[in-house]
Amino acid sequence: MGFDHLLIYDHVLGADPSVHRMSGPYTDEHPFHEVFVTLGFIAACTRDLGLATAVLILPQRQTALVAKQAAQLAVLSSNRFRLGVGSGWNHVEYEALNENFRNRGRRQEEQIELMRQLWSNHLVDFEGEFHKVTAAGIEPRPSEPIEVWFGGAHDRQLRRAAKIGDGWFPVGAPNADSAAMVDAIQGYLRENGRDPASFGIEPQAQIRGGNPELWVSHAERWADLGATAISIATMNAGLADIDEHIEAVRQYREAVTA
């Protein structure tokens, strides 16, 4: 169909909103496939399709285990995997996975530093605020670096993405607020001595509530803001089966590439 890559969302647990105060859109009624198992399956069914998490909630997981899983997926897919990470909003998941919800943003930066060392070196000695690894490593390791992209809109996440990320997944419309975030992240990239032209920006469109005219306008406005790619989501659009999802993304691609 001409698509370059496939993104998959991440949630380990859904929580009952009648019991918990929730700040995000998903509840116990929303199904999510586990990202590494699902992308491993898709990697085996494809040869050229890029694979990405957008985003994996990194701080609710053990860092060395994510590094191992991501490395394995990169190896099995011949380096087609891109790791998108976020800090998440569902405190219930953090509680169940025995991780600290309150320091998740600060911990995330150290997690990425450790993962990159594990991907790059046979043996690692690392001692940080949250992690300690002594003369240990993962094998097999990917033959190329795994790109790490960030989600999120908070200024701290934008600064973190510009400091250590390879790209950013913005969430929202191509409006004045998004333009301000793009300007901010490009400024932070320059502050870190990085070229904004080498940094990816990939927003997302929705089938729900859209039509070809709106999709084209949305894509053009994001391109004007500096987007390097765009993806299309079919969740919660009232589609009955797989064939309807496939037909929807076909219509989107035909409209936007025309």
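Here, every reference points to the structure presented above.
Residues numbered from 1 in each chain as written. Predicted model: local features only at pLDDT ≥ 70, side-chain atom pairs only at ≥ 80, totals over all residues. Heavy atoms only, no water.

Undergrad: How would you sum up the pattern of salt bridges? Please name residues and give values.
TA: This structure, assessed with the given rule, holds eleven salt bridges. A salt bridge links E99 to R107, with the shortest nitrogen-to-oxygen separation between them at 3.5 Å. A salt bridge links D155 to R159, with the shortest nitrogen-to-oxygen separation between them at 2.8 Å. With D155 and R159 both in helix α5 (residues 155-164) and four residues apart, the pair spans about one turn of that helix. Taking the relative accessible area as the measure of exposure, D155 reaches 32% and is therefore partly exposed. Residue R159 is classed as partly exposed on the basis of its relative accessible area of 41%. (Salt bridge = Lys/Arg side-chain N within 4 Å of Asp/Glu carboxyl O. Helix = DSSP H or I, 4+ residues; strand = E, 2+ residues; numbered from the N terminus. Buried < 20%, exposed > 50% of the residue type's maximum accessible area, 1.4 Å probe, protein only.)

Undergrad: Report on the layout of surface pockets, specifying residues and quantitative values.
TA: Within this model, the largest pocket holds a volume of roughly 1400 Å³. Those elements giving two or more residues to the lining of the largest pocket turn out to be β1 (5-8), α1 (35-45), β10 (231-233) and α8 (242-257). For the lining of the largest pocket, the element with the highest residue contribution is α8, accounting for eight residues. A volume near 1200 Å³ is recorded for the second largest pocket. Lining of the second largest pocket is provided by 48 residues; of these, V55, W89, G151, G152 and V171 occupy positions nearest its centre. Where the lining of the second largest pocket is concerned, the elements lending two or more residues are β2 (50-57), α4 (104-120), α5, β7 (167-169), β9 (204-206), α7 (212-225) and β10. At four residues, the largest contribution of residues to the lining of the second largest pocket is made by α7. The class makeup of the residues in the lining of the second largest pocket is 22 nonpolar, 17 polar and nine charged. (1 Å grid on protein atoms, 1.4 Å probe; cavity = no way out; pocket = protein on both sides within 12 Å on 5 of 7 lines; lining within 4 Å. Points joined across faces, edges and corners; volume = space filled by probe spheres on them. Nonpolar A, V, L, I, M, F, W, Y, C, P; charged D, E, K, R; others polar.)

Undergrad: Outline the side chain of H11, listing residues and values.
TA: Along the chain, H11 falls in the loop between β1 and α1. Polar side-chain contacts of H11 include one of 2.9 Å to the side chain of E93. Once residues lying within four places of it in the same chain are set aside, the contact partners of H11 are Y26, F32, I57, W89 and E93. (Polar contact = N/O pair within 3.5 Å; in protein donor to acceptor, adjacent residues only side chain to side chain. Contact = heavy atoms within 4.5 Å.)

Undergrad: How would you summarise the packing of α5 against helix α6 (residues 176-191) if you had to cite specific residues and measurements?
TA: Where α5 contacts α6, the two axes come as close as 8 Å, and the packing angle between them is 40°. The pairing of α5 with α6 is recorded here as oblique in orientation. Note on packing geometry: the crossing formed by α5 with α6 is right-handed. Residue-level contacts link D155, L158, R159, A161 and A162 of α5 to M181, A184, I185, Y188, L189 and E191 of α6. Per-class residue counts for the contact of α5 with α6 are eight nonpolar, no polar and three charged. (Axes fitted to C-alpha atoms, helices over the stretch in contact; angles between N-to-C directions. Parallel < 35°, antiparallel > 145°, perpendicular 65-115°, else oblique. Left-handed = near helix turned anticlockwise from the far one by under 90°.)

Undergrad: Just give me the short version of the packing of aromatic side chains, but keep the residues and values in it.
TA: Each aromatic ring pair is characterised by the separation of its centres together with the angle its planes make. Under the defined criterion, the tally for this structure stands at five aromatic pairs. On the basis of an interplanar angle of 65° and a centroid distance of 5.6 Å, the ring pair of W215 and Y252 is categorised as edge-to-face. Placement of the pair is W215 in helix α7 and Y252 in helix α8, with a sequence separation of 37 residues. Y252 carries the same exposure label as W215, and that label is buried. When the ring centre of F101 is taken as origin, the NZ or CZ atom of R104, which lies over that ring, is 3.8 Å away. (Phe/Tyr/Trp six-rings, centres within 6.5 Å; stacked < 30°, edge-to-face > 60°. Lys NZ or Arg CZ within 6 Å of the ring centre and 35° of its normal.)

Undergrad: A description of the nonpolar core should follow, citing residues and the corresponding values.
TA: Side chains of a nonpolar character, in soluble globular proteins, are inclined to be buried together. Counting residues in each nonpolar core, the largest one holds 44 residues, and the members touching the most others are F36, F81, L83, I112, M115, W119 and W168. In terms of residue count, helix α2 (residues 63-76) provides more of this core than any other element does, six residues in total. Every residue in contact with L83, bar those within four places of it in the chain, is listed here: T53, L56, V66, M115, W119, I146, E147, V148 and W149. With nine residues, the next largest nonpolar core counts A205, A248, V249 and Y252 among its residues. (Core = buried A, V, L, I, M, F, W, Y, C linked by side-chain atoms within 4.5 Å.)

Undergrad: Let's hear about a nonpolar patch on the surface: which residues, and what values?
TA: On the surface, M1, F3, I242 and I246 cluster together into a nonpolar patch covering about 420 Å² of accessible area. Here I246 is to be found in helix α8. On the basis of relative accessible area, I246 is assigned to the partly exposed category, the value being 41%. (Patch = residues over 30% accessible without salt bridge, like charges linked within 9 Å, V, L, I, M, F, W, Y side chains within 5 Å. Areas by Shrake-Rupley, 256 points an atom, 1.4 Å probe, with all protein chains shown as cover.)

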